[in-house]
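If you want the building blocks of each chain, they are given just below.
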Amino acid sequence: MKPDLLIVDDDESVRESFRLALQEDYELTFGEDIKSTLALLKTQVFDLILLDIMLPDGSGLDLLRQIKRRDETNEVIMVTALQSVDTALEALKWGAYDYITKPFKIEELYEIIKRVLNKRALERENQFLREEVYRPQAVSLIGNSKPLQEMLKKIEYASKTDMPILIKGEIGTGRQEIAREIHRLSGRQKKPFVTVHCGFLSKDRFESELFGLERQEVKGKTFPKIGKLEFANEGTLLLEQADRLPEEIQEKLLRVFHERKMTRMDQPITIPLDLRVIASMNMEGEFRNKEHTLLPEFLQFLSGFPLVASPLRDRPEDIPELIEYFLKKVNQKAKLKVKSLSKEAIQFLTAYVWPGNLQELENSIEMMVLFASRDTLTLEDIPLDILVKQIDLAKTKEEAKLSLKRVRNQFERHYIRKVLERTRGNQTRTAATLGLHRNTLIWKLKELDMEEDYKKIVKKRRERGLGFRNI
């Protein structure tokens, strides 16, 4: 897509010189005076403006001030005769990027234009991609299971095309990570990746968020508000939960994607668009809620290259590797040193169906690490809610009995630990609160493998300078 240049000069021979020099590499639009230029700026956005200082209906400096007041991000190069270089220097104070003198050399002209466009591209990349400076590994793509390997092949194929993509999957299966990986492998990888979270926008904000505003006031100054579509230009746009888009916005987007151009909400400014469109929706999205559906024609457009993110229950072979990843992540985040999970704990977590997919697994590992009393996590460290769900999901009576025992033990461990903390490790008071004999409490601590927990509470009390009568 060629950059759009606006050349403003009243001399036809000069305009022809620019046309011959630049038409091969740039889209050119010409203005002859201030009036015609302002009219053009109301209907089109340009990557660069070359502006003559002497115009028939006023000074190029006056036009420069109007251009900058309208949008400070507009880049302007002043074109001047040798005798008006001082005026060109004045223009630099008003925000012009540089100036070039007539008659110009083609090599010099190309060099200055390239410099300005590179600066503009770098600023846009910095604006859109600051969050990309550090981005953790794509968790949904960790593992070696057959479903994952098939997905990686499809991602590779998808990255080689510019077809619209619709990614379906349950919540927590990593749909956004899949979209980002497609962008990373594509020819647009150095351009913006912009996500629109359609489920979080109020109905009245959709249009301004997507299409932007020509004029918005911030601290007494008026600026354009750039919409997400314009942010993503030349890159990738992800419509997360696309089925939550209002129907009128779906219709408008479909027209924009087909025509490859858009206008901001409050002005008929035509902005050319070159986008890769990716959309995602919940696997059950088409049937979940009649208020959240995709129009048939919009669904057909998005489904050029359909993908389905596999739920975690379909790729159990990947769970041990994912557990190891989350364990390292939580240790680093919380500055803890839990080394591993027991073989039995890994087997249990691998057999569990994970209705919340990757997010549920990560949350569970984090809870286990934060409440760990030893270096190796066991079945007794598995969160209570996971154990309760496993009872519901058990296929045999034996599995249900085993899960029930674990739930009981886990509840007892949690409850006894809380009472010990409240009594600051006083066994007599703890036993009385629990309705147990002190010897029974000691036996329980051993049976539930809570002796390390008790020692930690004792150590904490000693560090505070408190004594014990009954340890």
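Here is a short report on the structure shown in this document. (Residues numbered from 1 in each chain as written. Predicted model: local features only at pLDDT ≥ 70, side-chain atom pairs only at ≥ 80, totals over all residues. Heavy atoms only, no water.)

### Quick look at the sheet that holds strand β15 (residues 276-282)
Turning to step 1, where the next piece is worked out: Spatial strand order, β9-β12-β15-β8-β16: five strands in an open sheet with parallel pairing. Strands at the two margins of the open sheet, each flanked by one partner only, are β9 (193-197) and β16 (305-308). Averaged over all pairs of adjacent strands, the angle between strand axes in this sheet comes to 20°, irrespective of strand direction.
Turning to step 2, where the next piece is worked out: Of the pairings in the sheet, the one linking strand β12 (residues 236-240) to β15 comprises four bridges and is parallel in character. When the sheet's bridge partners are listed, leucine 239 is paired in β15 with alanine 279. (Pairing = 2+ DSSP bridges. Helix = DSSP H or I, 4+ residues; strand = E, 2+ residues; numbered from the N terminus. Axes fitted to C-alpha atoms, helices over the stretch in contact; angles between N-to-C directions.)

### Some points on unusual backbone geometry
If a residue is not glycine, its phi is most likely negative; likewise, a peptide bond is most likely trans.
Turning to step 1, where the next piece is worked out: The step from lysine 102 to proline 103 runs through a cis peptide bond, and the omega angle for that step is -5°.
Turning to step 2, where the next piece is worked out: Structurally, the position occupied by proline 103 is in the loop between β7 (98-102) and α5 (106-129).
Turning to step 3, where the next piece is worked out: The backbone of arginine 260 shows a phi angle near 60°, a positive value even though the residue is not glycine.
Turning to step 4, where the next piece is worked out: Arginine 260 sits in the partly exposed class, given a relative accessible area of 48%.
Turning to step 5, where the next piece is worked out: Residues other than glycine seldom take positive phi values, yet arginine 424 does so here, at roughly 55°.
Turning to step 6, where the next piece is worked out: Its place among the elements puts arginine 424 in the loop between α17 (397-422) and α18 (427-434). (Buried < 20%, exposed > 50% of the residue type's maximum accessible area, 1.4 Å probe, protein only.)

### A few points about the packing of aromatic side chains
Turning to step 1, where the next piece is worked out: Applying the stated rule across the entire model yields five aromatic pairs.
Turning to step 2, where the next piece is worked out: Arranged with centres 5.6 Å apart and planes meeting at 65°, the rings of tyrosine 325 and phenylalanine 326 form a pair that is edge-to-face. Judged on exposure class, the residue tyrosine 325 and its partner phenylalanine 326 are both buried.
Turning to step 3, where the next piece is worked out: The interplanar angle of 85° and the centroid separation of 4.6 Å between the aromatic rings of tyrosine 352 and tryptophan 354 together place this pair among those described as edge-to-face. (Phe/Tyr/Trp six-rings, centres within 6.5 Å; stacked < 30°, edge-to-face > 60°.)

### Overview of the pairing of β9
Turning to step 1, where the next piece is worked out: With respect to burial, β9 is a largely interior element, four of its five residues being buried.
Turning to step 2, where the next piece is worked out: Of the strand pairs in this sheet, β9 and β12 are connected by five bridges, and their pairing is parallel. Residue pairing in the sheet places valine 194 in a bridge with leucine 237 of β12.

### Quick notes on the sheet that holds strand β1 (residues 4-8)
Turning to step 1, where the next piece is worked out: Strand order across the open sheet formed by five strands is β2-β1-β3-β6-β7, with parallel pairing between neighbours. The strands lining the two open edges of the sheet, one partner per strand, are β2 (27-31) and β7. Recorded for the sheet is a direction-independent mean angle of 20° between the axes of neighbouring strands.
Turning to step 2, where the next piece is worked out: Alignment of strand β6 (residues 76-81) against β7, held across five bridges, turns out to be parallel. Within β7, the position partnered with valine 79 by the bridge is isoleucine 100.

### Considerations on helix α15 (residues 357-370)
Turning to step 1, where the next piece is worked out: When the terminal C-alpha atoms of α15 are compared, their 20 Å separation across 14 residues agrees well with the 20 Å that a helix rising 1.5 Å per residue should span.
Turning to step 2, where the next piece is worked out: Here α15 has its buried residues at Asn357, Leu358, Glu360, Leu361, Glu362, Ser364, Ile365, Met368 and Val369. (Expected span 1.5 Å × (residues − 1).)

### Here's the deal with a negative patch on the surface
Turning to step 1, where the next piece is worked out: A cluster of like negative charges, contributed by Asp10, Asp11, Glu12 and Asp57, occupies part of the molecular surface.
Turning to step 2, where the next piece is worked out: Within the secondary structure layout, aspartate 57 lies in the loop between β4 (54-55) and β5 (58-59).
Turning to step 3, where the next piece is worked out: The partly exposed category is assigned to aspartate 57, whose relative accessible area is 39%. (Patch = residues over 30% accessible without salt bridge, like charges linked within 9 Å, V, L, I, M, F, W, Y side chains within 5 Å. Areas by Shrake-Rupley, 256 points an atom, 1.4 Å probe, with all protein chains shown as cover. Salt bridge = Lys/Arg side-chain N within 4 Å of Asp/Glu carboxyl O. Lys, Arg positive; Asp, Glu negative; His and termini not counted. Charge placed at Lys NZ, Arg CZ, Asp CG, Glu CD.)

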